[in-house]
Amino acid sequence: MSRSNVERMPAERMADAPAHEPGLDARQRQERLADAVSGWSAGAARHPPADPPQEQTCIPEEAPQPAAKPAEKPASPGLLARIAQRRWQIVKTGAATVVVFYFGWMPAQSLIAVKSTEAVVNARLVTIRSPIEGDVATGARPLELGARFEAGEPILRLDNARLDFGPLNLLLRARAQIDGTMTTLTQKREGLVRRRAALSRQLESFRHARIRQITARVEETQAQGRALAARRTEAAAALERANALIAKGVTTRVVVEKAEADARAIAEEIAALEARKRGLAVELESAAAGVFVGDSYNDTPQSAQRGAEMEIELADIDARLHGSEHEMAALDEAIGAERRRLADLSTATVTAGVQGRVWEMQTAPGEHVNKGQDLLRLVDCSAATVTASLSERAYARLHIGQRATFRPREGGATFEGRVIALNGPTAVSANSAIPQQNLARDFFHASVKFPALAEAGDCGLGRTGVVTFDTTPVPPTP
């Protein structure tokens, strides 16, 4: 068999191989290619190469000789000859095996591995709402799509010029009324205090005068007592002389009786004077204690009574002032709270709650917004994830916490992460920049978190790639 025949054999076998059909998938093409290679090897074994043609020469015919037993050839030289004759077939068979491995086994590996049919880098959206009602004004930096803000950095300022100051005015009016009442009560109290001091001085003067008066009357009774004592002595002497004279018969009985009557009268006057002295002592002691006893007035003089009435009025004024002070303190606290509320409602600075970029602007400077209205949305790259769509068969092999890798289509580093959510065919409503329903190539979806994407700062939102899931069984923990 010539070299050209050997080289033509794979080509002739290849003619029997299945043609490339565009409707077949990779697995079917792999099976067809393997069947073709197996056919080549089997055909080579069934049809050994023929001996090379001998050149024809003119040889005279000879008489047939008896058949002789062919001599046995050694095995080794024949095997080496056959290997040498088939070396090109062996080389081509090895090359075909390499081609089958590269273009068959490698695609088979990719078919066996669980991969996403579509994957995109996604991130959480943070909606910033208006804390107050007012007009939108720009902050220190102009607001535009894609602008990046750090956490806590001011974004917008809201000014409200339509505040209702009615409650504050009512509180201020009530405070002014209470303040006026307290001023009036304070002035009245000061007048009562001055009048009470004057009455106190007048009462003290009256007490001292009354004590001096009673003391003088006591001294008067004492003088009267001394006079009555002298008269009693004189009456006793007169009675003694009358008794002596009547004994001598010089005088009459009438003189004796008159002397006796005078003596008894003087004794009664002395007894009355002693009782009067005791009453004056009681009056003097009471006056010293501030209690005045007499026939023409009660125990308290008019000045003292008026002073007691002033004490009652002062106690009432003090109580009203104390209550007004408490009301004033409560009003001051309410006024302060209302002023703080108005200050919070008059202007507000809207800051970024997270580090991110402006994804959507729902307002503009100069626009009037209400409290709670959406102002803008920021992309939070610190919570970047990859949303992947998969076939139902691939989705059935996933579980939460499963390891996965993400390879961007434009190339670059490969990220490693874990599955954090399996959403299935249901479109889960999530606050994501790219909704899940936008990945419509397959109906089953999974969310995978790759920490390196979040650490990069700029998560590359919207980049596409392929997520490969590790389906290697995890050995049980002993």
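Throughout this document, residue positions are counted from 1 along each chain, in the order its sequence is written. Predicted model: local features are reported for residues with pLDDT of at least 70 only, side-chain atom pairs are reported and counted for 80 or more only, and whole-chain, interface and lining totals are derived from all residues. To obtain the side-chain values, all non-hydrogen atoms of the structure were used and water was disregarded.

A. Structural detail: the overall build of the protein chain. In terms of regular secondary structure, the protein chain is built from nine helices and 13 strands. In this description, contact between two residues means that some pair of their heavy atoms is separated by no more than 4.5 Å. Excluding contacts between residues fewer than 6 apart, the proportion of contacts in the protein chain whose partners are at least 24 apart in sequence is 80%. Helix and strand assignments follow DSSP, with helices taken as H or I runs no shorter than four residues and strands as E runs no shorter than two, numbered in order from the N terminus.

B. How the structure looks around the nonpolar core. In these notes, a set of buried Ala, Val, Leu, Ile, Met, Phe, Trp, Tyr and Cys residues joined through side-chain atoms within 4.5 Å is what counts as a nonpolar core. Here's how the labels work: a residue is buried when its accessible area is under 20% of the maximum for its type, exposed when over 50%, partly exposed in between, all with a 1.4 Å probe on protein chains only. Among the nonpolar cores identified, the biggest contains 25 residues, and Val386, Phe406, Val467 and Phe469 are the most heavily contacted of them. Mapped onto this core, the elements with two or more residues apiece are β2 (118–129), β9 (374–390), β10 (403–408), β11 (415–424), β12 (444–449) and β13 (464–469). Per-element tally for this core: the top contributor is β9, with six residues. Membership of the second largest hydrophobic core comes to 17 residues, among which are Ile132, Ala147, Ile155 and Leu378.

C. Molecular detail of helix α5 (residues 166–248). Here the expected length of a helix is defined as 1.5 Å per residue gap, with one fewer gap than residues. Look at α5: 120 Å from first C-alpha to last across 83 residues, which is about the 123 Å you get at 1.5 Å a residue. The positive-phi residue at the C-terminal boundary of α5 is Gly249, with phi of around 80°.

D. Looking closely at the pattern of salt bridges. Any carboxyl oxygen of Asp or Glu within 4 Å of a side-chain nitrogen of Lys or Arg constitutes a salt bridge here. Summed over all chains, the structure comprises 17 salt bridges. As a salt-bridge pair, Glu311 and Arg196 come within 2.7 Å of each other at their nearest N and O atoms. Here Glu311 is found in helix α7 (residues 302–346), whereas its partner Arg196 is found in helix α5, with 115 residues between them in sequence. Judged by relative accessible area, Glu311 falls into the partly exposed class, the value being 39%. Overall, Arg196 belongs to the partly exposed group, its relative accessible area being 25%. For Glu283, the salt bridge is made with Arg210, and the minimal N-O distance between the two is 3.2 Å. Linking Glu283 in helix α6 (residues 253–288) with Arg210 in helix α5, this pair joins segments that are 73 residues apart in sequence. Each of the two residues, Glu283 as well as Arg210, counts as buried.

E. Structural context of the sheet that holds strand β6 (residues 347–351). One bridge is not enough; two strands pair if DSSP finds at least two bridges between them. Sheet architecture is open: four strands sit in the order β6-β5-β3-β8, paired in antiparallel fashion. The strands lining the two open edges of the sheet, one partner per strand, are β6 and β8 (368–369). Across four bridges, strand β3 (residues 134–138) lies against strand β5 (residues 154–159) in antiparallel orientation. The residue of β5 that forms the bridge with Asp135 is Asp159. An axis is simply a line fitted to the C-alpha atoms; with a helix, the fit covers only the stretch in contact. Between two such axes, the angle follows the N-to-C directions and lies from 0 to 180 degrees. Those strands touched by α7 are β5 and β6, and its axis lies near 55° from that of β6.

F. Local environment of the pairing of β10. Because side chains alternate across β10, one face comprises the buried residues Ala404, Phe406 and Pro408, and the other comprises Arg403, Thr405 and Arg407, none of which is buried. In this structure, β10 lies alongside β11, joined through four bridges in antiparallel fashion. By the bridge assignment for β11, Thr405 is matched with Glu416. Joining the antiparallel neighbours β10 and β11 is a turn of six residues, in which Gly411 adopts a positive phi near 90°. Bridge analysis of β10 against β13 gives five bridges, and the strand direction is antiparallel.

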